[in-house]
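Take a look at the letters that make up each chain.
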Amino acid sequence: MPSYTAPTKDYQFLLHDLLKVSEQDIPGFEDLDRDFTGAVLEEAGKVASEVLAPLNVVGDTEGCTLENGVVRTPSGFKDAFQAMKDGGWTAIDCDPEYGGQGLPYVMHTAAQEPFVSANMAFNMYQGLTHGAYSAIFHHGTDAQKQTYLPKMVTCEWTGTMNLTEPHCGTDLGLMRTKAEPQDDGTYRVTGQKIFISAGEHDMADNIIHLVLAKIPGGPEGIKGVSLFIVPKFLVNEDGSLGDRNGVSVGKIEEKMGIHGNATCVMNYDGAVGYLLGEEHKGMRAMFTMMNEARLGVALQGYAQAEAAYQNALAYAKDRLQGRDVTGVKNPDGPADPLIVHPDIRRSLMDQKSFVEGARALTFWGAMLIDRAHKNKDAEADGLISLLTPVLKGFQTDKGFEMAVQAQQVYGGHGYIEEWGMSQFARDARIAMIYEGANGIQALDLVGRKLAQDGGKHVMAFFEMVKNECKAHADDPRMAGFVEPLKAASKQLQQAGMFFMQNGVKNPNEALSGSYDFMHMMGHVCLGLMWTRMAKAAHDALDAGAEDVTFYETKIATGRYYMARQLPACAMHLAKIESGAETVMALSADQF
């Protein structure tokens, strides 16, 4: 069975050496000293390794079952969920007015990582609830907040998001679910939703569904979509649970992975719903939940790769196969361990350099969200809006790729279920699809985010990269970071210019290169993170840090990324500049 240990030392490096959280001017950050964050994250790591990781295989093999309209979760899940609630892990950054701990979002993000690595399917139950909490917190009435949030903060009640229907996924304007207004101000919601994660289960007293639906007579398409709170059980005025609402489970989807999470078909038959936000402005409220979910899914991408990497590394050190071509390294054994071979080293370095770079980018993104919300900082808000499709799309693509590379280290054993490596690959695969498939993320980036606010946010990003390079230009130790980052940034800007020069007269010239642009920008973002991490590591060594090996390893890992991964930008630029002609050459009948 695979094992997992939370890399808490790396969390601390990012929070304090890189982001310097306790020195930020963001409200609440002044309390985030090393002792405090260390205590929180050590405990989170302990819960992940001791409580959640042992249930990962259980959830995968048992899955969820539907019995008489009730979904049963895998063995041990209910007790583990209770442990999460008892430990306050569901409420880290929630508002204290509703029972939360009020810590910054960056701490929520850091604490979530070990839970996701240890048991991604399990963590989705509280993850979806957190997103639903945020949507109600930002868009609900005072009465709605008082009714639902205290129980959702503690996960006594969990939450879902209901978007997709059998005939429409991305194109939500095609949805058929209706919400008929009633004389008492409520609505009657009727329709079917599919792919609803945590749609029904036995771990909470109530489930608060957030459902997109159309009010008859409203505008056509996406402009006519509204968002509704549709609880599984109606809530009485005194807060107690009332009658069962008109919502039921049609079936549990049989999936490739995340078997421990109940992905349901949900049927709404005149269910009582309560408008959340304004009529016909449902997407505005839902995007509060979706944007948070996309950062969470970006985390899933690298968190699964982290768990897979840890096990692949252990296997590579233990498994004896072949001899080192430069000389025997294990003279007392019949062969040398796998890790001596350059191709295994290449694979492990790919994994390690991606995971650590993606973790840095995600933590930085979480801090930008804190700055945007707590400081009302429009620049931070614009920057994280630009980066969200990159975080989600790039990190889940590469996270799956790295999980497969980890599986490959095992050879044939990686394909055998008893070793557990296929689960990491299968679970990671969904992250590329849900919360907006990655092709949609690329289209969002190129079609909307680059031009947002007149292009000011992408220009600010380029200026940020330029200033980072300038800051270290005279430090010879940083040459292996500055020069590759500078080159990659110029290539990314060149790709953007190609879109500007050609995309107006033929949009396909831009859209056919959008996926490559998303990956280019992902690489530049990780290059920026590695440059900053290298500088932070050098500063720590200059200051006499005790753990010299940790910081030297960080620098060497970053040098690998800059030398072996960042050059992919040149390939992506060549593909973009080849234009749309070859992409669109065949008619539909020729495929």
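The structure this text deals with has already been given above.
Presented here is a report on the structure given in the accompanying data block.

About the thresholds
- For every chain, the first residue of the written sequence is number 1, and numbering continues from 1 along that sequence.
- Whole-chain, interface and lining totals are the exception, using all residues; otherwise, since this is a predicted model, local features are given only for residues with pLDDT of at least 70 and side-chain atom pairs are given and counted only at 80 or more.
- Water and hydrogen atoms play no part in the side-chain values, which are based on all heavy atoms of the structure.
- Think of it this way: any DSSP run of H or I at least four residues long counts as a helix, any run of E at least two long counts as a strand, and we number them from the N terminus.
- Every radius of gyration here is taken over C-alpha atoms, with the globule rule written as 2.2 Å times N^0.38, N being the number of residues.
- Residues count as neighbours in contact if any of their non-hydrogen atoms are within 4.5 Å of one another.
- All accessible-area figures derive from a Shrake-Rupley calculation using a 1.4 Å probe, and residue coverage is judged against the displayed protein chains alone.
- Counting rule applied: Lys, Arg positive; Asp, Glu negative; His and chain ends not counted.
- All charge positions are set by atom: Lys at NZ, Arg at CZ, Asp at CG, Glu at CD.
- Lines fitted to C-alpha atoms define the axes, with helix axes restricted to the stretch in contact, and inter-axis angles between N-to-C directions lie between 0 and 180 degrees.
- Should an angle fall under 35 degrees it is taken as roughly parallel, and over 145 as roughly antiparallel, whereas 65 to 115 is taken as roughly perpendicular and any remaining angle as oblique.
- Here the term charged refers only to Asp, Glu, Lys and Arg, the term nonpolar to Ala, Val, Leu, Ile, Met, Phe, Trp, Tyr, Cys and Pro, and the term polar to all other amino acids, Gly among them.
- For every residue, the accessible area (1.4 Å probe, protein chains only) is compared with the maximum for its type, and the residue is labelled buried under 20%, exposed over 50%, or partly exposed between those bounds.
- Here, any two strands with at least 2 DSSP bridges between them count as paired.
- Any two of the Phe, Tyr and Trp rings considered here, Trp counted by its six-membered ring, make a pair once their centres fall within 6.5 Å; the pair's planes then place it as stacked at under 30 degrees, edge-to-face at over 60, or tilted in between.
- Cation placement over rings: the criterion is NZ of Lys or CZ of Arg within 6 Å of the ring centroid and within 35° of the ring normal.
- Polar contacts, as counted here, are pairs of nitrogen or oxygen atoms within 3.5 Å of one another; within protein the pair requires one atom able to donate a hydrogen and one able to accept it, and residues that are adjacent in sequence qualify only if both atoms are side-chain atoms.
- Whenever a pair of cysteine sulfur atoms sits within 2.5 Å, that pair is classed as a disulfide.
- By definition here, a helix of n residues has an expected span of 1.5 Å times n minus one.
- What we call the bend at a residue is the angle made by axes fitted to the seven residues finishing there and the seven residues starting there.
- Note on patches: the residues involved have over 30% relative accessible area and no salt bridge, like charges join within 9 Å, and the nonpolar side chains Val, Leu, Ile, Met, Phe, Trp and Tyr join within 5 Å.
- The term salt bridge refers to a pairing of a side-chain nitrogen on Lys or Arg with a carboxyl oxygen on Asp or Glu at a separation within 4 Å.
- Residues grouped as a nonpolar core are buried Ala, Val, Leu, Ile, Met, Phe, Trp, Tyr and Cys residues, joined through side-chain atoms within 4.5 Å.

1. Focus: the overall build of the protein chain
On a plain count of helices and strands, the protein chain comes out with 18 helices and 11 strands. Its C-alpha atoms give the protein chain a radius of gyration of 24 Å, near enough to 25 Å, the size a compact globule of 591 residues would have. For the protein chain, the spread of C-alpha atoms along the three principal axes comes to 80 × 60 × 55 Å. Taking the contacts inside the protein chain whose residues are at least 6 apart along the sequence as the reference set, 73% of them involve residues at least 24 apart. Carbon and sulfur atoms make up 52% of the accessible area of the protein chain, which amounts to about 24,200 Å² in all. If you average the places of the 52 positive and of the 75 negative side-chain charges in the protein chain, the two averages end up 5 Å apart.

2. Describing the packing of helix H14 (residues 479–502) against helix H18 (residues 568–577)
When two helices pack together, their arrangement is given by the angle between the helix axes and by the axis-to-axis distance. Between H14 and H18, whose axes approach to 10 Å, the crossing angle comes to 10 degrees. The orientation of H14 relative to H18 falls into the category roughly parallel. Mapping the contact onto sequence places Ala488, Gln491, Gln494, Ala495, Phe498 and Phe499 in H14 and Cys569, Ala570, Leu573, Ile576 and Glu577 in H18. Split into classes, the residues belonging to the contact of H14 with H18 amount to 8 nonpolar, 2 polar and 1 charged.

3. Points about the pairing of strand E3 (residues 157–162)
Of all 6 residues making up E3, 6 are buried, and the element is well covered by its neighbours. Here E3 shows two buried faces, one formed by Trp157, Gly159 and Met161 and the other by Thr158, Thr160 and Asn162. Relative to strand E6 (residues 206–214), E3 runs parallel, the two being bridged by 6 bridges. Counted as the bridge partner of threonine 158 is isoleucine 207 from E6.

4. Focus on the packing of aromatic side chains
Under the counting rule described, the total for this entry stands at 18 aromatic pairs. A connected cluster of aromatic rings, assembled from ring pairs, spans Phe13, Phe550 and Tyr551. Over the face of the ring belonging to phenylalanine 137 we find lysine 145, whose NZ or CZ atom lies 5.4 Å from the ring centre. Positioned above the aromatic ring of phenylalanine 233 is the side chain of arginine 244, whose terminal nitrogen or guanidinium carbon lies 5.6 Å from the ring centre.

5. Considering the environment of arginine 426
Within the secondary structure, arginine 426 is located in helix H11 (residues 421–429). Residue classification places arginine 426 among the buried residues on the basis of a relative accessible area of 16%. Note: C-alpha distance between arginine 426 and alanine 314 (112 residues apart in sequence) is 21 Å. Those residues in contact with arginine 426, other than ones at most four positions away along the chain, are Asp60, Met256, Gly257, His259 and Glu417.

6. Focus: the side chain of threonine 90
By the element assignment, threonine 90 lies in the loop between helix H4 (77–86) and helix H5 (105–118). Relative accessible area serves as the criterion here: at 7%, threonine 90 is assigned to the buried category. Reaching out from threonine 90, the side chain makes a polar contact with the backbone oxygen of valine 153 at a distance of 2.7 Å. Once residues lying within four places of it in the same chain are set aside, the contact partners of threonine 90 are Met84, Lys85, Gln126, Val153, Thr154 and Cys155.

7. Let's talk about the state of the cysteines
On inspection of all chains with the given rule, the structure shows 0 disulfides. Cysteine 155 takes part in no disulfide bond, and the closest cysteine sulfur to it belongs to cysteine 94, at a distance of 8.4 Å. Assessed through its relative accessible area of 1%, cysteine 155 is described here as buried.

8. Topic: helix H10 (residues 378–409)
In this model, H10 (32 residues) spans 45 Å end to end at C-alpha, consistent with the 46 Å of a helix rising 1.5 Å per residue. Taking the largest bend as the criterion, H10 deviates by roughly 35 degrees, centred on leucine 387, and proline proline 389 comes between one and four positions later. Most of H10 is tucked away, with 25 of its 32 residues classed as buried. In this structure aspartate 377 caps H10, since a side-chain oxygen of it lies 2.9 Å from the backbone nitrogen of glutamate 379.

9. Describing a negative patch on the surface
On the surface, Glu30, Asp31, Asp33 and Asp35 cluster together into a negatively charged patch. Position of aspartate 35 among the secondary structure elements: in helix H2 (residues 34–52). What makes aspartate 35 exposed here is its relative accessible area of 67%.

10. Quick notes on the nonpolar core
Counting residues in each nonpolar core, the largest one holds 185 residues, and the members touching the most others are Trp364, Phe461, Phe517 and Met521. In terms of residue count, the dominant contributor to this core is helix H8 (residues 282–318) (18 residues). Dropping the residues within four chain positions of it, methionine 521 is found in contact with Leu386, Leu387, Val390, Leu445, Phe461 and Leu492.

11. What to know about the packing of helix H9 (residues 342–374) against helix H16 (residues 514–542)
The interhelical angle for the contact between H9 and H16, taken along N-to-C directions, is 90 degrees, at an axis separation of 9 Å. By the angle class used here, H9 and H16 are roughly perpendicular. Here Ser353, Phe354, Glu356, Gly357, Ala358, Ala360, Leu361 and Trp364 of H9 come into contact with H16, specifically with Cys525, Leu526, Leu528, Met529, Trp530, Arg532 and Met533. Residues belonging to the contact of H9 with H16 are distributed by class as follows: 11 nonpolar, 2 polar and 2 charged.

Function cannot be read off these values alone, since they describe shape.
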